[in-house]
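Architecture and fold: a report
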Amino acid sequence: MTQDLLLRYLIWPLVKFLVAFIIVQVIVAAMNWVERRLLGLMQARLGPNRVGREFGIPWGLAQIVADPIKFILKEDIVPSSSEKVAYFLGPMLPLIPAFLVFCLIPYGPPPTFVVTHVNVGLLLILALTSTGVYGIILGGWASNNKYSLMGGLRSAAQMVSYEVPFGLSIVGVLMLCGSFDLVHIINYQADHIWNLFPQLIAAFIFLVAMNAENNRTPFDLPEAESELVAGYHTEYSAMKFAFFMLAEYSSMMVNCCLMVSLFFGGWTMAINGYGLTTGVLRGMGLLGGILGALIFITKVMVFMLMYIWFRATFPRFRFDQLMDLGWKWMIPLALANIAVTAIVVLLGDQFDFQGEVVLSIAGAAIIVFTLILLLRPRAKVTHARRVSEA
Amino acid sequence: MFDVHEMEVNFGPQHPSTHGVLRVILRIDGERIIDAKPIIGYLHRGTEKLFEAMSYPMCIPHTDRMDYVASATNNLGFVETVEKLMGITKQIPKRAQLMRVMLSELQRISSHLLWLATHAIDIGAMTPFFYCFREREQVLDLFEEYCGARLTLNCMRIGGMPDDLPPGWLDGVEKFVDKFEDAVDEYESLLTNNRIWKKRTVGIGVISPEDAIDWGITGPPLRGSGVEWDLRRAQPYECYPELKFEIPIGKNGDTYDRYLVRMEEMRQSNWILKQCIPLVKKTPAGDIKAKISRVVRPPEGEVYHSIESPKGELGYYIISDGKSQSAYRCHVRPPSFVNLQALPAMAKGHLVSDLVALIGTIDIVLGEVDR
């Protein structure tokens, strides 16, 4: 009996967590290479394409291994005037929540592909990810460097500000699905429609807020290399710096997983109960599970690539503009979204129609309208006024 | 209630976005700049004093090192000043004049490309940096084909040009010129109508036309404030009067207008190059030097001559004692140095992020500021 419990609640989750953790960390390490190659592709250059050529490894793929080796071998410099304990804690604190969260994310149809099935999983994930900022503040302050301090402060203000729209944008989804359980939310989407459509505005806010949460362009102010040299990690070198990077990429991954689970149907590929729902995938046995996990990873990768695409496209916001965007646009928009969703759902209950369908049609209309706006011929580029030549 | 105190930050001399070794002592309240004090001199090499110990032709390579991203215009300014002192400006053959114009317009394009690249990456847009360097590379290739150097060209001589154009060079220019217009469109598609780019540049660092004139600001920052002043038109030199081009000017005098002005200037330089190609083909090959003595010994006197460098009015003031082969005194009026003095006034009240945009928009080269 005890053995059974031990197996069920300790050994199995641990094994599953390790497998998921290793796969995710390999993807995270590979993302560094993917990002550099993809940026190279977008920016008319090559990116890292050399490492590993001697051993017959193509496209510089050995860069994935070479980078960590370099980080481990580099000298670990501790500034003499730093606050030692906080300086050491700085890079480690963001890692813990970033790693822990991976045991709460459902990668495929339960129970096999879910590490721990927690019925308030979403709440727990939000609580954990929001603690990641402590390490950055602590690291920025402990470095005893003015640029680091400013980076840490910016990061604190930014994360606190964007935590609000981040959380508020999820409320609409919760109202539709009626659960904090990610598995339930995903199943609900498979049985109805991707939450993207009824919660389009929420999805948009979530996308913006997750960029801001991860300090990625155009919200990369905490590390803005042209202003603050390297922001909060200016004084960090070697593996400590790598920890910051690892935490950043891990939490990018977490946010992408959340995005996919909340708005894009997670591991399912179904509308209104038709297609690859959890039931269908489970019926296919282990193969179905792997297929579901693959679908999930593919969707996540799309959003990871989106991060890179953003980085290649956008200039950086200024600090006050970032705050304006967060407090004056994102939060009111999120609140309005909650109000509209609540009213439509309530009216639907009252007058016996499906509020979600109405919202979906509205969302689809907005998507079509936006596409038309984007694809229409662009306005002519403004030129400087010219003085006619003499 | 709270203990409010200012923070003092040393912005530079080693900082990724001070474009060299500029040091700005910032007094900031949070992120807001109370006072910005530029400290210069980290790249001072005493070029002006060196000129006094060298014969005039020996000075030309040293002018390269001042504005090291626009060496052709530096050469042009010095060479023309000495020619003016000797009174041989009229004797320069047409072909040499056209070659000088072409080189300095190519240089203007390459300098503006470097400005756009660094300005954009300072504001956080990463991609234009690489696109600009792609085209700049082609300009540098053209320079290399002509004189063997890519950065410090040393490509002009007193009384003419060192070498005739290598065969096929004009075709290379033609190929570049045809494509360059599209390249500028590409940069603009990334930035000009970008909401974030506009947020970061519109209304930042406004200089009124009166202030700009009072400070002696020249070049694109002056034209961005709406003052129509381009030395190529106002005090024509070489064969600029024969060439058609327009002078772009801004309205508000902010960072965005200066950006638009420089973008348009690149197009105009491209147009000038287009006109030059058939004109050069008409001139006899090899006719690139005025018939003057090999020993440059200008008569006694002093002269100030200035040209429109990519960054503004580049002036040389030379005094000759009429006896020696070197200048008695040579003073350089570098546009970057004069434009830089507007920085504290522009930066006051803005945020730290804006300082980076402002340093970019003035387009300084510290080699020229410190000489």
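**A word on the overall build of chain B**
A tally of helices and strands in chain B yields 15 helices and 7 strands. On C-alpha atoms alone, chain B measures out to a radius of gyration of 21 Å, which is about the 21 Å that the 2.2 N^0.38 rule sets for 371 residues. Over its C-alpha atoms, taken along the principal directions, chain B stretches across nearly 80 × 45 × 35 Å. Looking at chain B residue by residue over its 371 residues, the buried ones come to 61%. Sequence-distant contacts in chain B: of pairs separated by 6 or more residues, those separated by 24 or more amount to 71%.

**What about the overall build of chain A?**
On a plain count of helices and strands, chain A comes out with 14 helices and 3 strands. Its C-alpha radius of gyration of 23 Å places chain A within 12% of the 21 Å reference for a compact globule of 390 residues. For chain A, the spread of C-alpha atoms along the principal axes amounts to about 85 × 65 × 45 Å. Just so you have it, chain A exposes about 18,300 Å², and 73% of that area is on carbon and sulfur atoms. Side-chain charges in chain A split into 25 positive and 23 negative, and the spacing between the mean points of these groups amounts to 9 Å.

**Things to note about the domain arrangement of chain A**
Residues and elements named next belong to chain A. For chain A, the assigned domains read domain 1 (13-73) and domain 2 (77-374). Counting from both sides, the interface comprises 19 residues of domain 1 and, opposite them, 26 residues of domain 2. Taken together, domain 1 and domain 2 are joined by 2 salt bridges. We note a salt bridge from E35 to R311, for which the minimum N-O separation is 2.6 Å. Sorting the residues of the side of domain 1 that touches domain 2 by element identifies α1 (2-42) and α2 (63-73) as the ones contributing at least two each. Counting residues per element, the side of domain 1 that touches domain 2 draws most heavily on α1, at 16 residues. Tallied by class, the residues present in the side of domain 1 that touches domain 2 amount to 14 nonpolar, 3 polar and 2 charged.

**Thoughts on helix α5 (residues 127-147) of chain B**
For α5 of chain B, with 21 residues, the first-to-last C-alpha span of 31 Å sits near the 30 Å given by 1.5 Å per residue. The complete set of buried residues in α5 of chain B reads T127, P128, Y131, C132, E135, R136, V139, L140, L142, F143 and Y146 of chain B. Those residues of α5 of chain B that are buried are in contact with α1 and α12 (286-313) of chain A together with α4 (94-122) and α6 (169-191) of chain B.

**What about the packing of aromatic side chains?**
Residue and element names in this part refer to chain A. Overall, the coordinates contain 26 aromatic pairs over all chains when judged by the stated rule. When the centroid spacing of 4.7 Å and the interplanar angle of 85° are considered together, the rings of F21 and F99 count as edge-to-face. Of the two residues, F21 sits in helix α1 while F99 sits in helix α4 (residues 95-100), which places them 78 residues apart along the sequence. Accessibility classification places F21 together with F99 in one group, the buried group. Each ring, one from Y236 and one from F244, has its centre 5.0 Å from the other, and the planes form 80°; the classification is edge-to-face. For the pair formed by Y236 and F244, the shared burial category is buried.

**A closer look at the environment of I57 of chain A**
All names here are of chain A. Relative to the helices and strands, I57 resides in the loop between α1 and α2. Taking C-alpha positions, I57 is 43 Å from T370, a pair spaced 313 residues apart along the chain. The contacts of I57, once residues within four sequence positions are left out, are V51, G52 and A62.

**Notes on empty space enclosed by the protein**
Residues and elements named next belong to chain A. A complete count under the given rule lists 3 cavities of 30 Å³ or more for this structure. Estimates place the volume of the largest cavity at around 250 Å³. Every residue lining the largest cavity is counted, 18 residues in all, and those nearest its centre are G132, M159, N214, A247 and S251. Looking at the lining of the largest cavity, the elements with two or more residues in it are α4, α6 (132-142), α7 (146-177) and α10 (238-263). For the lining of the largest cavity, the residue count by class is 8 nonpolar, 7 polar and 3 charged. Residue lining of the second largest cavity: L104, P106, V114, T116, H117, V118, G121, D181, L182 and V183, and that is the complete set. Of the residues belonging to the lining of the second largest cavity, the class tally is 6 nonpolar, 3 polar and 1 charged.

**Some thoughts on the environment of N75 of chain B**
All names here are of chain B. Relative to the elements of secondary structure, N75 occurs in helix α3 (residues 71-86). Sequence separation of N75 and I196 is 121 residues, and the distance between their C-alpha atoms is 39 Å. Setting aside its immediate chain neighbours within four residues, N75 contacts I60, T63, D64, L153, N154, C155 and M156.

**A look at the pattern of salt bridges**
This model, assessed by the stated rule, comprises 37 salt bridges over all chains. Its salt-bridge partner being D354 of chain B, residue R318 of chain A comes within 3.1 Å of it at the nearest N-O pair. Taken together, the positions of R318 of chain A in the loop between α12 and α13 (319-351) and D354 of chain B in helix α14 (residues 352-362) put the pair across two chains. On the basis of relative accessible area, D354 of chain B is assigned to the buried category, the value being 1%. Counted as one network, the salt bridges with shared partners bring together E105, R108, R223, D230, R232, E265 and E308 of chain B.

Criteria and cut-off values
Residues numbered from 1 in each chain as written. Chains lettered and ligands numbered in written order. Predicted model: local features only at pLDDT ≥ 70, side-chain atom pairs only at ≥ 80, totals over all residues. Heavy atoms only, no water. Helix = DSSP H or I, 4+ residues; strand = E, 2+ residues; numbered from the N terminus. Rg over C-alpha atoms; globule rule 2.2 N^0.38 Å. Buried < 20%, exposed > 50% of the residue type's maximum accessible area, 1.4 Å probe, protein only. Contact = heavy atoms within 4.5 Å. Areas by Shrake-Rupley, 256 points an atom, 1.4 Å probe, with all protein chains shown as cover. Lys, Arg positive; Asp, Glu negative; His and termini not counted. Charge placed at Lys NZ, Arg CZ, Asp CG, Glu CD. Domains from an automatic or database assignment. Salt bridge = Lys/Arg side-chain N within 4 Å of Asp/Glu carboxyl O. Nonpolar A, V, L, I, M, F, W, Y, C, P; charged D, E, K, R; others polar. Expected span 1.5 Å × (residues − 1). Phe/Tyr/Trp six-rings, centres within 6.5 Å; stacked < 30°, edge-to-face > 60°. 1 Å grid on protein atoms, 1.4 Å probe; cavity = no way out; pocket = protein on both sides within 12 Å on 5 of 7 lines; lining within 4 Å. Points joined across faces, edges and corners; volume = space filled by probe spheres on them.

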